[in-house]
Amino acid sequence: MSESLVLVETRGRVGLLTLNRPKALNALNDALMDELGSALLAFEQDDGIGAIVITGSEKAFAAGADIGAMKDWSYMDVYRSDYITRNWETLKRVRKPVIAAVGGYALGGGCELAMMCDLLIAADSAKFGQPEIKLGVIPGAGGTQRLPRAVGKAKAMDLILTGRMMGAEEAERAGLVSRVVPAAKLLDEAIEVATVIASMSLASVMMAKESVNRAFEGSLNEGLLFERRVFHSLFGTEDQKEGMTAFVEKREARFKHR
Ligand code: HXC
């Protein structure tokens, strides 16, 4: 049997997915994206998992979609197969939080995959970029939409129009990544963050994720209304009672529904 393109492990309540085409710098082909989608959906169904981490190798989170595979595709090939939508958007169906732990290159589709995750933790070795312009195309898996939302129009235009790479420090300053850590500590840090998230009440974690995402999808008023409604609904859960009672009693919360 050929080796898995995505390695699947668990660390306590954290699901860990490692992109595994290291020789091709984790270039993302259809087979890899299919495996990634299946693994994500399996963790989504698994009550023992509260958060998911996606990582790559030391040299590359992913250096983009597989250029060799795409090179000869025609317009009709990509249109008829609905390239990208078919297996890339599985990640959007995941309601549990997903953390991208990025070391080395996160370019093109690799950067877009990281940006589809809920938060990005970068090694100091990380390099982000949308170099598609150099290949005669543009980002196709959300880069022109998610990058400006993360870093603002000016820097997004700079990166997308020139195809240059941005280091971890610049990415943190720009707001693309939440933390930068030494490369050797990347996975430990990401798993630690995921473990903290997975210790919270799953209902509030999922509703928090859904509400934050609304900030990027609709108008401010729609988002505020959505947030208010799900906030109200959490008062119908046992975990809200436990969480607030524990605070008042000056003890750790013991959430029932994790
Ligand atoms: C296919 C790739 C690849 C890619 C690297 N490789 N990136 N194969 N698709 N995106 C392969 C190389 O061909 C090479 O294979 C091996 O990985 C090692 O890469 P090198 O280039 O030898 O490494 P290095 O000199 O260290 O340069 C690293 C690099 C460079 C700067 C990251 O590989 C590079 O520029 N890669 C392409 C980056 C890019 O343009 N990404 C955007 C793709 S388009 P061999 O067999 O020779 O050892 C895209 C569109 C997204 O993502 C649309 C939505 C999905």
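Position numbers for residues start from 1 in each chain and track the written sequence from start to end. Side-chain atom pairs in this predicted model are given and counted only at pLDDT of 80 or more, local residue features only at pLDDT of at least 70, and totals for whole chains, interfaces and linings cover all residues. Excluded from the side-chain calculations are hydrogens and water; all other atoms, namely the structure's heavy atoms, are used.

**Topic: the domain arrangement of the protein chain**
How big an interface is tends to be reported as the loss of accessible area on association of its parts. An automatic or database domain assignment provides the domain bounds reported here. With domains assigned, the protein chain is organised as domain 1 (6-198) and domain 2 (201-249). Averaged C-alpha coordinates put domain 1 and domain 2 at centres separated by 26 Å. The interface of domain 1 with domain 2 comprises nine residues on the first partner and six residues on the second. By convention, the term buried area covers the 1.4 Å-probe accessible surface removed from two parts as they join, with the contributions of both added. Interface area for domain 1 against domain 2, summed over the two sides, is near 700 Å², with a carbon-plus-sulfur share of 58%. Considering only the surface of domain 1 that becomes buried against domain 2, Arg95, Asp118 and Arg149 emerge as the three largest contributors, covering 57% of it. By definition here, a salt bridge exists when the distance from a side-chain nitrogen of Lys or Arg to a carboxyl oxygen of Asp or Glu is within 4 Å. Among the salt bridges present, the one from Asp118 reaches Lys209, with a minimum N-O distance of 2.8 Å. Contacts: residue pairs with any heavy atoms within 4.5 Å of one another.

**Section: the packing of aromatic side chains**
Paired rings are identified among Phe, Tyr and Trp, the last through its six-membered ring, by centres lying within 6.5 Å, and are further divided according to the angle between planes into stacked (under 30 degrees), edge-to-face (over 60) and tilted (the rest). For the structure on display, the rule yields three aromatic pairs. Between Tyr75 and Tyr79 the ring centres are 5.7 Å apart and the planes differ by 10°, which places this aromatic pair in the stacked class. Highlighted residues: Tyr75 and Tyr79, both in helix H3 (residues 75-80), separated by four residues, approximately one helical turn. Take Tyr75 and Tyr79: they sit in the same class, and that class is exposed. Placement of a charge over a ring requires the Lys NZ or Arg CZ to be within 6 Å of the ring centre, with the centre-to-atom vector within 35 degrees of the ring normal. A cation over a ring is seen here: Arg214 above Phe226, with NZ or CZ 3.9 Å from the ring centre. Comment: elements are numbered from the N terminus, with helices defined as DSSP H or I runs of at least four residues and strands as E runs of at least two. Buried, partly exposed and exposed residues are distinguished by accessible area as a fraction of the type maximum, computed with a 1.4 Å probe on protein chains only: under 20%, between the cut-offs, and over 50%, respectively.

**Here we look at the confidence of the model for the protein chain**
On average, residues of the protein chain score 94 in pLDDT, and 100% of them are at 70 or above. Here the predicted complex carries an ipTM of 0.98, next to a pTM of 0.93. Confidence of the predictor in every single residue is expressed as pLDDT, which spans 0 to 100.

**Describing the side chain of Asp239**
Topologically, Asp239 is positioned in helix H12 (residues 238-248). With no salt bridge to any partner, buried Asp239 finds its closest opposite charge in Lys256, at an N-O distance of 7.6 Å. When near neighbours in sequence (up to four residues on either side) are disregarded, Asp239 contacts Ser201, Phe255, Lys256 and His257. The charge count includes Lys and Arg as positive and Asp and Glu as negative, but it does not include His or the ends of the chains.

**Topic: the environment of Asp30**
Structurally, Asp30 is set in helix H1 (residues 30-45). Measuring from C-alpha to C-alpha, the distance between Asp30 and Trp73 comes to 13 Å, with 43 residues separating the pair along the chain. Leaving out residues up to four positions away in the same chain, Asp30 has contacts with Tyr83, Arg86 and Asn87. Among the polar contacts listed, one links the side chain of Asp30 to the side chain of Asn87, at a separation of 3.1 Å. Polar contacts, as used here, are pairs of N or O atoms within 3.5 Å; protein pairs need one atom able to donate a hydrogen and one able to accept it. Residues neighboring in sequence count only if both atoms are side-chain atoms.

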